[in-house]
Amino acid sequence: MNPSTARPHVVIVGGGIAGLAAAFFLRDEPVRVTVLEGSPRLGGKLSVSEVAGVAVDEGAEALLVTRPEGTGLIAEVGLAGDSVEPGTTSSAVWTLGALRPLPRRQFMGVPSDLAELARSGVVSDEGAARASQDLELPPSVRDGDVPVADYVGARFGAEVVDRLVDPLLGGVYAGRSSDLSFDATMPALAAASRRYRSLAEAAGSLLPPPVPVPAGGQDRTPGGTRSGGSVFTTLAGGLGLLPAFLAKASGAEVRTTSMTRVLSSVPTAPGAVPGWRLTVGSAAAEGLIDADAVILAVPARPAARLLAELPGASAAVTALGEISYASMAIVTLAYPRSAFPGAFPGGGLAALGWSGYLVPAVDGRAVKAVTFSTVKWPHLADATAPGAEPLEIVRCSVGRIGEEALLQRADEDLAALAAAELAAATGVRGAPVAHRVSRWGGALPQYTVGHLDRVARIRAAVATQPGLAVCGAAYDGVGIPACIATARTAANQVTEFLRRGRQWSHG
Ligand SMILES: Cc1cc2nc3c(=O)[nH]c(=O)nc-3n(C[C@H](O)[C@H](O)[C@H](O)COP(=O)(O)OP(=O)(O)OC[C@H]3O[C@@H](n4cnc5c(N)ncnc54)[C@H](O)[C@@H]3O)c2cc1C
């Protein structure tokens, strides 16, 4: 045990949502917790700042509620009263020259209602006809993990992959369906696909039952809903508020600008389990911190660097090195409501009826997804410019894996490009009154083919290191609830280790 204190010392490296959640989960344990965040700011990919005087998330903005971990944590830190549901979650796809409705009956873009797919116009008539073959084709046998595009393409053809599945996966991973793993990015569908001959039927088995449409009527059920409400939530004031609340509620000592450069195992008593030593800060102003247990809540690359010195961790270092990351930028634009064409009844973005749109990579645009923030989030709907004119705020997501050159453009260029594409899609007139470019280098881990095996290798190697655990977006899901789940597991692992008197057995 660390001699400076009676309570064991747990050090968490990384002050993103995973690290802070891990600290929070340790709050009632008989341990002392220190969080070391390398940058000057807590929160990692969660951050909120103002555009045209309105607080808008720069990174993650929506939390999936179909998993309990995110909403549970929000409730535990006392923020449940600040949760806001989307006003609408119906999305469009900007393709084949128009904004077209994203089919509601789809699972990550995999359609379950092929008649709805044909009506949507998202794929051509030929593409819709090819997709219908899924219902008749013999089972597609697969041996082990495959790229999403291969399996889905074999069932529905290339258009469904290019215009639906690829943009939806791009929205989550900034990755391409030709590389991403079917088993890791769509585990539920991958499992269901083994029970159904038709992939459309497999996708349908994962969706809530369709809402009956009155004879001659139109189904207006918004996509992304479940019975009783939306599948997403956020916080009034921005999801980016959560890290500061978590840090405070955790009771941990939280240090920013504390980059951990080296992790080493240090002997304690002869024959006893070794402890940990972390080298923190720049070479010129280096500090050493001793710990009884360590949680690495950092992306794959820094995790690999920190594990590199540890005997027995080389398999984890190798597997972490195989996880690549996509970089991206969020360009947030603010317009006066009157800039959106009067062609839509009532004007403004809300008249379009969508919360935003996706853009297939095959259409050659820079922006891959757009969120109409003032439509999607009711708490932003009344946003006004300093002159009191109602505002529309739009978040444009730029950068798929492999598009790093695009991100090297200056902020002004990126904002102009995003605005020009928005004008082509929506007809918005004039320039935005304000813009903000938020750059996310190494934003999203790519769960490419073999990811599940890679994670198993990492976990097995980390399990050989007494009192060490890992968590975060690199492992079991990039969404916030999945990151929180890994944090819970990591907190449990170190607690169990310390409870057993530092005898290590992870497994
Ligand atoms: C633009 C964008 C939008 C997104 N939108 C959503 C969304 O709407 N909903 C959703 O669920 N998910 C979304 N995601 C994904 C989600 O936000 C992330 O996967 C998640 O926040 C990652 O959390 P993390 O704690 O694992 O890692 P990070 O947020 O990356 O935090 C890791 C922290 O570790 C620090 N660090 C790194 N190395 C060191 C070191 N050596 N020493 C000390 N500190 C170090 C970093 O500075 C960072 O703060 C989005 C991601 C991005 C980039």
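Residues numbered from 1 in each chain as written. Predicted model: local features only at pLDDT ≥ 70, side-chain atom pairs only at ≥ 80, totals over all residues. Heavy atoms only, no water.

## A look at helix α17 (residues 480-499)
Consideration 1: The terminal C-alpha atoms of α17, which comprises 20 residues, lie 28 Å apart, in line with the 28 Å expected from a rise of 1.5 Å per residue.
Consideration 2: Across the 20 residues of α17, 15 count as buried, placing the element largely inside the fold.
Consideration 3: One or two residues past the end of α17 sits Gly501, with phi positive at roughly 70°. (Helix = DSSP H or I, 4+ residues; strand = E, 2+ residues; numbered from the N terminus. Expected span 1.5 Å × (residues − 1). Buried < 20%, exposed > 50% of the residue type's maximum accessible area, 1.4 Å probe, protein only.)

## Here's the deal with the side chain of Arg163
Consideration 1: Here Arg163 shows up in helix α6 (residues 158-173).
Consideration 2: With residues up to four places along the chain from it excluded, the contact list for Arg163 reads Val93, Thr95, Leu96, Val122, Val123, Pro360, Val362 and Asp363. (Contact = heavy atoms within 4.5 Å.)

## Let's talk about unusual backbone geometry
Consideration 1: Residues other than glycine seldom take positive phi values, yet Ala52 does so here, at roughly 50°.
Consideration 2: Following the sequence through the fold, Ala52 ends up in the loop between β3 (48-51) and β4 (54-57).
Consideration 3: On the accessibility criterion, Ala52 (23% relative accessible area) is partly exposed.

## Some words on the pattern of salt bridges
Pairs can form between side chains of opposite charge whenever their charged atoms are close.
Consideration 1: A complete count under the given rule lists 23 salt bridges for this structure.
Consideration 2: With a closest N to O distance of 4.0 Å, Asp28 and Arg27 form a salt bridge.
Consideration 3: For Arg261, the salt bridge is made with Glu286, and the minimal N-O distance between the two is 2.6 Å. With a gap of 25 residues between them, Arg261 in strand β15 (residues 260-266) and Glu286 in the loop between β16 (275-280) and β17 (287-291) connect regions that are remote in the sequence.
Consideration 4: Its relative accessible area of 34% is what places Arg261 among the partly exposed residues.
Consideration 5: Salt bridges sharing common partners tie together Arg27, Asp28, Glu76 and Arg488. (Salt bridge = Lys/Arg side-chain N within 4 Å of Asp/Glu carboxyl O.)

## Comments concerning the packing of aromatic side chains
Consideration 1: Counting across every chain of the model gives six aromatic pairs.
Consideration 2: Ring geometry for Trp94 against Tyr357: centres 5.9 Å apart, planes inclined by 70°, an arrangement best described as edge-to-face. Within this pair, whereas Trp94 is found in strand β7 (residues 91-95), its partner Tyr357 is found in strand β20 (residues 356-358), the two being separated by 263 residues in sequence.
Consideration 3: For Tyr357, a relative accessible area of 3% translates into the label buried.
Consideration 4: Stacked on the ring of Phe232, the Lys or Arg Lys376 has its end atom at 5.7 Å from the ring centre.
Consideration 5: Sitting over the ring of Phe25, Arg488 keeps its end group 3.9 Å from the ring centre. (Phe/Tyr/Trp six-rings, centres within 6.5 Å; stacked < 30°, edge-to-face > 60°. Lys NZ or Arg CZ within 6 Å of the ring centre and 35° of its normal.)

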